[in-house]
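Structure at a glance
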Amino acid sequence: MRFVQVIDCKTERFDDMDRLMDEWVEQTKGSRTATHSLIGKDRSDGAHYVEIVEFPSYEDAVANSKLPETDRIFQEMVALCDETPTFIDLDVVRDEQLNQRLSRRFFHEIAVGGNLDAIDEVFAVDYADHDIAKEEETVIGSGSLRDDLIGWRAAFDFSFDLDRQICEGDDVVTLWTWTGTHKGDFMGIPPTGRQCIMTGTTIFRFKGGRIQEGWWHEDLMGLMRQLGAVD
């Protein structure tokens, strides 16, 4: 589960603190586990700042705090503050923007880009896949998704255009247009070299920062017609 730490502090020496943060970023390059950080300034109090630091998990945050550079920078940061900073530790239980970003990551980085190792970062181990094109109504396990992508990437050079995305609660709905060039065997059809277009809709349901379930609706019959497999 993703983890966020909120650091609340007051200082009249923000420029010095800002340089300190730049120093920490440089010195922890390649070892820090924080994935995102931002600092906000209180509009009603110019000496009041709030830093929000994001980590993949609480365990990653603990590992980050144990870095010698982190401890040193923290001690220097406290010295710059008017009073001891306060910390709020938060487990992220819902983030619709992140869900949309992870959904896009699947289409662009994993499916098209071929970074199949990222499947374990984006999908739950017990991911449940529902696809009208498959004989089995539901397939459990992210490994089956990996196998599907290996097959599609061997059969086509393809890209996705994400025509529209709708986020509501834990669900992200993506309407997409797929364009591919048939270069390898596909469902028993030898390569034709034809360029094909297929439209479809995918619904991803998220849980704990990963895709837990997916529903696929694609115009597979139209694709088969374009490949000359059916009239």
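Cut-off values and rules
Residues numbered from 1 in each chain as written. Predicted model: local features only at pLDDT ≥ 70, side-chain atom pairs only at ≥ 80, totals over all residues. Heavy atoms only, no water. Pairing = 2+ DSSP bridges. Helix = DSSP H or I, 4+ residues; strand = E, 2+ residues; numbered from the N terminus. Contact = heavy atoms within 4.5 Å. Axes fitted to C-alpha atoms, helices over the stretch in contact; angles between N-to-C directions. 1 Å grid on protein atoms, 1.4 Å probe; cavity = no way out; pocket = protein on both sides within 12 Å on 5 of 7 lines; lining within 4 Å. Points joined across faces, edges and corners; volume = space filled by probe spheres on them. Nonpolar A, V, L, I, M, F, W, Y, C, P; charged D, E, K, R; others polar.

What follows concerns the sheet that holds strand β8 (residues 171-182). Read from one edge of the open sheet, six strands run β6-β5-β10-β9-β8-β7, paired in mixed fashion. In this open sheet, the two strands that pair with only one neighbour each are β6 (139-140) and β7 (156-168). Where β7 and β8 come together, 12 bridges link them in antiparallel fashion. Across the sheet, residue D157 finds its bridge partner in β8, namely T181. Contacts from helix α4 (residues 96-112) reach β5 (123-131), β7, β8, β9 (195-207) and β10 (210-218) within the one sheet, and its direction differs from that of β7 by about 170 degrees. This element, helix α6 (residues 142-155), spans β5, β6, β7, β8 and β9 of the sheet and lies at about 135 degrees to β7.

Before going further, it helps to spend a moment on the sheet that holds strand β3 (residues 48-55). Reading across the sheet, the four strands line up as β2-β3-β1-β4 and stay open at both edges, with antiparallel pairing between neighbours. With partners counted over all chains shown, the strands left at the sheet margins are β2 (36-41) and β4 (86-91), one partner each. Adjacent strand axes in the sheet meet at a mean angle of 15 degrees when their direction is disregarded. Two elements, strand β1 (residues 3-10) and β4, share six bridges in a ladder whose sense is antiparallel. Directly across from D8, in β4, lies its bridge partner T86.

Looking now at empty space enclosed by the protein. For the structure shown, the criterion picks out one cavity of 30 Å³ or more. In this structure, the largest cavity spans a volume of roughly 40 Å³. Forming the boundary of the largest cavity are C9, M17, I39, Y49, V50, E51 and M77. With three residues, the top contributor of residues to the lining of the largest cavity is β3. Each residue belonging to the lining of the largest cavity can be placed in one class, and the counts come to six nonpolar, no polar and one charged.

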